[in-house]
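Topology and contacts: notes
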Amino acid sequence: MSATNVIRKCLFPAAGYGTRFLPATKAMPKEMLPIVNKPLIQYGVEEALEAGITQIGFITGRGKRAIADHFDNNYELEHQIKGTSKEKYLDDIRNVMDACDFVFMRQRKMLGLGHAILTGEPMIGNEPFAVILADDLCAVPTDSNELRALGQLAALYKRYQCSIIAIEQVPMEDIESYGVIAGEEIADGIYQVTDMVEKPKPEDAPTNLAVIGRYILTPEIFHYLRNTPPGRNGEVQITDALKLLAQDRQVLAVKFKGRRFDCGSVEGFVEATNYYFEHHYKSAK
Ligand code: UTP
């Protein structure tokens, strides 16, 4: 068990092709698609920062350089707008850049989310860490005191000191798009995971509790990932490694508070855009 109960590092797997958004993602990373005026990946990094995390690791691949540029200075632009009313548009990204350190690692072959997380091992070392899939966008109402999903998981980590994954109840007809847990509810909305299945058919799904893109993982996960043979589509699935981890150690699944938008799908992306325009952008103007 790690000596720290504080999560300091977060991985952002972002090497995928984003085929559902072609042709938009032909030359641009999916993670740079904007919800209103901010790219998806920035929302994710802001959520990590809100959870107290300042060491950010991006798992990227070919065609993802825009992500590195986004979290770096653009002297020409900054010089141009310095002292004008437009400078305020850079406030949020400057806050993130000032607060965080960024590390970039390349996943050279698209061998799945599990493999992408394993690619981050050199940066993580032997401590618990977070994972955010930026295409799952998590929101809480602007007037709420609640932290977004990762902050909720990080608070629970302090108490339980084990791997903790975020789950959401989804309609059974959609279950085939998700990793799904089976488990025993040990506290309100908190499940001890006993089994996990990746993208089951509705008749094979143990529950309708779907895993979404927020995880806190203890470093033992790397051992399980290394020993997980490729599963569905020849990819190393994080679900398979978590299932093995859950057999040996405690893994919890938590129904987080707030909303999640699946911005990896066009429908979820449009829904998120409308939501952020109404609830965040308009009210901030
Ligand atoms: P998705 O299943 O959403 O794949 O990956 P994708 O390529 O991003 O999008 P589609 O399905 O082709 O439209 C879930 C997350 O895992 C990352 C992706 O970048 C995304 O954040 N991922 C997936 C990797 O980093 N590496 C992989 O080999 C696979």
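Small disclaimer: the values here were computed from a predicted structure and weren't measured.

Criteria and cut-off values
Residues numbered from 1 in each chain as written. Predicted model: local features only at pLDDT ≥ 70, side-chain atom pairs only at ≥ 80, totals over all residues. Heavy atoms only, no water. Near = heavy atom within 4 Å. Polar contact = N/O pair within 3.5 Å; in protein donor to acceptor, adjacent residues only side chain to side chain. Areas by Shrake-Rupley, 256 points an atom, 1.4 Å probe, with all protein chains shown as cover. Nonpolar A, V, L, I, M, F, W, Y, C, P; charged D, E, K, R; others polar. Helix = DSSP H or I, 4+ residues; strand = E, 2+ residues; numbered from the N terminus. Contact = heavy atoms within 4.5 Å. Buried < 20%, exposed > 50% of the residue type's maximum accessible area, 1.4 Å probe, protein only. Arc of directions from axis to C-beta.

**Topic: the site of the ligand**
Every one of the 17 residues lining the ligand counts as a neighbour, but Thr-19, Arg-20, Lys-30, Gln-107 and Gly-112 are closest to it. Between the ligand and the protein, one listed contact pairs an oxygen atom with a backbone N or O atom of Arg-20 at 2.8 Å. The protein chains hide 81% of the 570 Å² of surface that the ligand would expose on its own. Among the residues making up the shell around the ligand, the classes are represented as eight nonpolar, five polar and four charged.

**Some thoughts on the side chain of Glu-78**
With respect to the element layout, Glu-78 can be found in helix H3 (residues 75-81). Filtering out sequence-adjacent residues up to four positions away, Glu-78 remains in contact with Asn-73, Leu-90 and Arg-94.

**Digging into helix H4 (residues 91-99)**
Among all positions of H4, only Ile-93, Val-96 and Met-97 are buried. Across the axial projection of H4, the buried residues extend over an arc of 95°, all falling on one side. Buried positions along H4 lie against helix H1 (40-50), helix H2 (65-70) and strand S5 (101-106).

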